[in-house]
Amino acid sequence: MFPSNSTATASSPRDRLNAHERDSYMNIDDIIMSSAKLPCQFKLRVPDLGYLEPGSSKNDIDIGDKVDLPLWLAQQLYSSAMPYVSMDYTKPYKANNRAILDADATVVDLNQSTPFFYKFGVGILHFSHPDAVELSRILLNTFSTRLAALMDLSRHNMVGRSAARKKNNLNLTEQRLFKLGQKSLLSYSMWSGGQSRRLETSKLVTRYKKRKMLD
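Analysis parameters
Per chain, residues are indexed from 1 in the order of the written sequence. Restriction of local features to residues with pLDDT of at least 70 applies here, the model being predicted, together with a cutoff of 80 or more for giving and counting side-chain atom pairs; totals for whole chains, interfaces and linings are based on all residues. Side-chain figures throughout are based on the complete set of non-hydrogen atoms in the structure, without hydrogens or water. Numbering of helices and strands runs from the N terminus; a helix is a DSSP stretch of H or I covering at least four residues, while a strand is a stretch of E covering at least two. Every residue pair with non-hydrogen atoms within 4.5 Å of one another is taken to be in contact. Here a pair means two rings of Phe, Tyr or Trp (six-membered ring of Trp) with centres within 6.5 Å. Their orientation is stacked below 30 degrees between planes, edge-to-face above 60, and tilted elsewhere. Whenever a carboxyl oxygen of Asp or Glu lies within 4 Å of a side-chain nitrogen of Lys or Arg, that contact is scored as a salt bridge. The cut-offs for exposure are 20% and 50% of the maximum accessible area for each residue type, with area from a 1.4 Å probe on protein chains only; residues under the lower value are buried, those over the upper are exposed, and the others partly exposed. Read the arc as the range of directions from the helix axis to the C-beta atoms. How sure the predictor is of each residue is captured by pLDDT, a score from 0 to 100. Criterion used throughout: strands pair if DSSP finds at least two bridges between them. Angular values range over 0 to 180 degrees, each being the angle between N-to-C directions of two axes fitted as lines to C-alpha atoms, with helices fitted over their stretch in contact. Two joining distances apply to patches: 9 Å for like charges and 5 Å for nonpolar side chains (Val, Leu, Ile, Met, Phe, Trp, Tyr), and every residue must have over 30% relative accessible area and no salt bridge. Reported accessibility uses the Shrake-Rupley method at a 1.4 Å probe radius. Residues are deemed covered only where the shown protein chains occlude them.

A closer look at the overall build of the protein chain
A count of helical and extended segments in the protein chain gives 10 helices and 3 strands. Reading the helices (α) and strands (β) of the protein chain from amino to carboxyl end gives α-α-β-β-α-β-α-α-α-α-α-α-α. Summarising the internal contacts of the protein chain: among those between residues at least 6 apart in sequence, 65% fall at separations of at least 24.

So this is what it looks like as structure tokens:
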């Protein structure tokens, strides 16, 4: 009935990823997160970029040189046809910290270690690393474990030192979920109490009636 449109096909995973990257370009949290640095080792010689290595007087970066690079730059250097760098995990994602998270993720202060723990963790999964599968499991397990405690915290509106300590342990993603949970609880309380269904006289109607009385 209608002419076929070749542009109306379902978007591919790459298209959806590119769209997400465009949306993240203007997101201040993503800008700050992607500026966090990763320990990288160069696999190729790069001329005229010796200034990237703090304290170095060399003009060039040689094979084997180790430089801390922001995540966004490391991803670009890694995603080329011949990767310029390999990377290692920062402390919050290393084996010792993963073991602590595996034991009891709810007691770890993610806000102190890295406020963007989940986003940055997903970002470094972009790289090939022998521990990548284990890290992805830890990220998912940590989020799901802490989410249950987070829901209890926001639902019961706990107070006191224990609650304050738990709130301080939340990273930025969890803090937003906590506020969303409290907002949802307040909306539900208003609905169950009938406040959301209460009819009120429109301010426009009230002003009109007052004007008629004065006339």
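Now that the structure has been shown, the text picks up again.
Description of the packing of aromatic side chains
Overall, the coordinates contain 5 aromatic pairs when judged by the stated rule. With 5.3 Å between their ring centres and 90° between their planes, Tyr 118 and Phe 143 make a pair best called edge-to-face. Of this pair, Tyr 118 sits in helix 6 (residues 117-124) while Phe 143 sits in helix 7 (residues 132-156); the two residues are 25 residues apart in sequence, bridging distant segments of the chain. Chaining the aromatic ring pairs together yields one cluster made of Tyr 93, Phe 117, Tyr 118, Phe 120 and Phe 143.

Concerning the pattern of salt bridges
This structure, assessed with the given rule, holds 11 salt bridges. A salt bridge links Lys 119 to Asp 30, with the shortest nitrogen-to-oxygen separation between them at 2.6 Å. Placement of the pair is Lys 119 in helix 6 and Asp 30 in helix 2 (residues 28-34), with a sequence separation of 89 residues. The exposure class of Lys 119 is partly exposed, given its relative accessible area of 34%.

Digging into helix 3 (residues 71-78)
Every buried residue of helix 3 is listed here: Leu 71, Leu 73, Ala 74, Leu 77 and Tyr 78. The buried residues of helix 3 occupy one face: seen down the axis, they fall within an arc of 160°. Where helix 3 is buried, its residues contact helix 2, strand 1 (37-42), strand 2 (66-70), strand 3 (85-87) and helix 6.

Things to note about the confidence of the model for the protein chain
Looking at the protein chain, the pLDDT average stands at 79 and 73% of residues meet or exceed 70. For the protein chain, per-element mean pLDDT is lowest for helix 1 (residues 13-25), which scores 51, and highest for helix 4 (residues 95-104), which scores 93. For the stretch residues 1-10, pLDDT sits under 50, and the model shows 0 contacts to residues farther than four places along the chain or on other chains.

Some thoughts on the sheet that holds strand 3
As summarised here, the arrangement of the 3 strands in space is 2-1-3, forming an open sheet in which the pairing is antiparallel. Because the sheet does not close on itself, it has two edges, and the strands there are strand 2 and strand 3. Here the strands of the sheet are splayed against their neighbours by 45° on average, with no regard to which way each runs. Note that strand 1 and strand 3 share 3 bridges and pair antiparallel. Within strand 3, the position partnered with Gln 41 by the bridge is Ser 86.

Quick notes on the side chain of Thr 90
Relative to the elements of secondary structure, Thr 90 occurs in the loop between strand 3 and helix 4. Excluding residues within four positions of it along the chain, Thr 90 makes contact with Lys 37, Leu 38, Pro 39 and Phe 120.

Some thoughts on the pairing of strand 1
Only one face of strand 1 is buried, namely the one carrying Leu 38, Cys 40 and Phe 42, since none of Lys 37, Pro 39 and Gln 41 on the opposite face is buried. Pairing of strand 1 with strand 2 involves 5 bridges; the strand directions are antiparallel. Considered in strand 2, the bridge of Leu 38 is made with Leu 69.

Considerations on a nonpolar patch on the surface
A surface patch of nonpolar side chains, amounting to about 270 Å² of accessible area, comprises Ile 28, Ile 31 and Ile 32. Relative to the assigned elements, Ile 31 resides in helix 2. With relative accessibility at 40%, the residue Ile 31 sits in the partly exposed group.

Some details on unusual backbone geometry
One non-glycine residue, Asp 48, lies in positive phi territory at about 65°. Within the secondary structure layout, Asp 48 lies in the loop between strand 1 and strand 2. Residue Asp 48 is classed as exposed on the basis of its relative accessible area of 58%.

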